[in-house]
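Spelled out, the chains give:
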Amino acid sequence: MDCIFCNIAKGVIPSKRAYEDERILAFHDIHPQAPVHILVIPKVHIPSVNGVNFDNADVVGHIFAAIPLIAKEAGLAEGYRVITNIEKHGCQSVPHLHFHILGGKQLTEKMD
């Protein structure tokens, strides 16, 4: 399998990293949809939310424990949005579980 996010996590593909520990990686999106747009991924490959199960769900909790730290470091004290897309109809573009942290401006109800 040739997963772009797995290759970013391994350092094969360079990225502008915002946070990293032994289990997760956060990096700046190359096509930002807001002034701050950071992607948070598990280093282990999970295809989407549909691939989360009782054996790997702890990494999702780890991601959500890290998100406030990442947002604070990115200067998002006034708030931010966390989004994940799931499968084709949910517009998931990379088949690796990831969460978007969006902020840095007043967000509208709908993101274009």
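Residues numbered from 1 in each chain as written. Predicted model: local features only at pLDDT ≥ 70, side-chain atom pairs only at ≥ 80, totals over all residues. Heavy atoms only, no water.

Asker: Any chance you could break down the packing of aromatic side chains for me, citing the residues and the numbers?
Answerer: Tallied over the entire structure, the rule returns two aromatic pairs. Plain terms: the ring middles of Phe5 and Phe27 are 5.6 Å apart, the flat faces sit at 75° to each other, and that makes the pair edge-to-face. Placement of the pair is Phe5 in helix α1 (residues 4-10) and Phe27 in strand β2 (residues 24-28), with a sequence separation of 22 residues. Ring centres 5.1 Å apart and planes at 75° place the aromatic pair Phe64 and Phe99 in the edge-to-face group. One end of the pair, Phe64, is in helix α2 (residues 57-73); the other, Phe99, is in strand β5 (residues 99-103), with 35 residues separating them in the sequence. Classification of Phe99 by relative accessible area gives buried; the value is 5%. (Phe/Tyr/Trp six-rings, centres within 6.5 Å; stacked < 30°, edge-to-face > 60°. Helix = DSSP H or I, 4+ residues; strand = E, 2+ residues; numbered from the N terminus. Buried < 20%, exposed > 50% of the residue type's maximum accessible area, 1.4 Å probe, protein only.)

Asker: Describe α2, with residues and values.
Answerer: Under the 1.5 Å per step criterion, the end-to-end length of α2 is 25 Å for 17 residues, consistent within 8% with the ideal 24 Å. At Ala66, α2 shows its strongest bend, of approximately 30°, with the proline Pro68 following within four residues. For α2, the secondary structure elements touched by its buried residues are β1 (17-20), β2, β3 (36-42), β4 (80-83) and β5. Downstream of α2 by a residue or two, Gly75 has a phi angle that is positive, lying close to 80°. (Expected span 1.5 Å × (residues − 1). Bend = angle between axes of the 7 residues up to and from the residue. Contact = heavy atoms within 4.5 Å.)

Asker: Kindly report on the sheet that holds β1, identifying the contributing residues and their values.
Answerer: Pairing is antiparallel across the open sheet formed by five strands, whose spatial order is β1-β2-β3-β5-β4. A strand with exactly one partner marks an edge of an open sheet, and here the two such strands are β1 and β4. Pairs of neighbouring strands in the sheet enclose a mean axial angle of 20°, with direction left out of account. In this structure, β2 lies alongside β3, joined through five bridges in antiparallel fashion. The partner of Phe27 across the bridge, within β3, is Leu39. The sheet contacts of α2 involve β1, β2, β3, β4 and β5, and relative to β3 the element is tilted by about 155°. (Pairing = 2+ DSSP bridges. Axes fitted to C-alpha atoms, helices over the stretch in contact; angles between N-to-C directions.)

So far we have only geometry, and geometry alone does not tell us how the molecule works.
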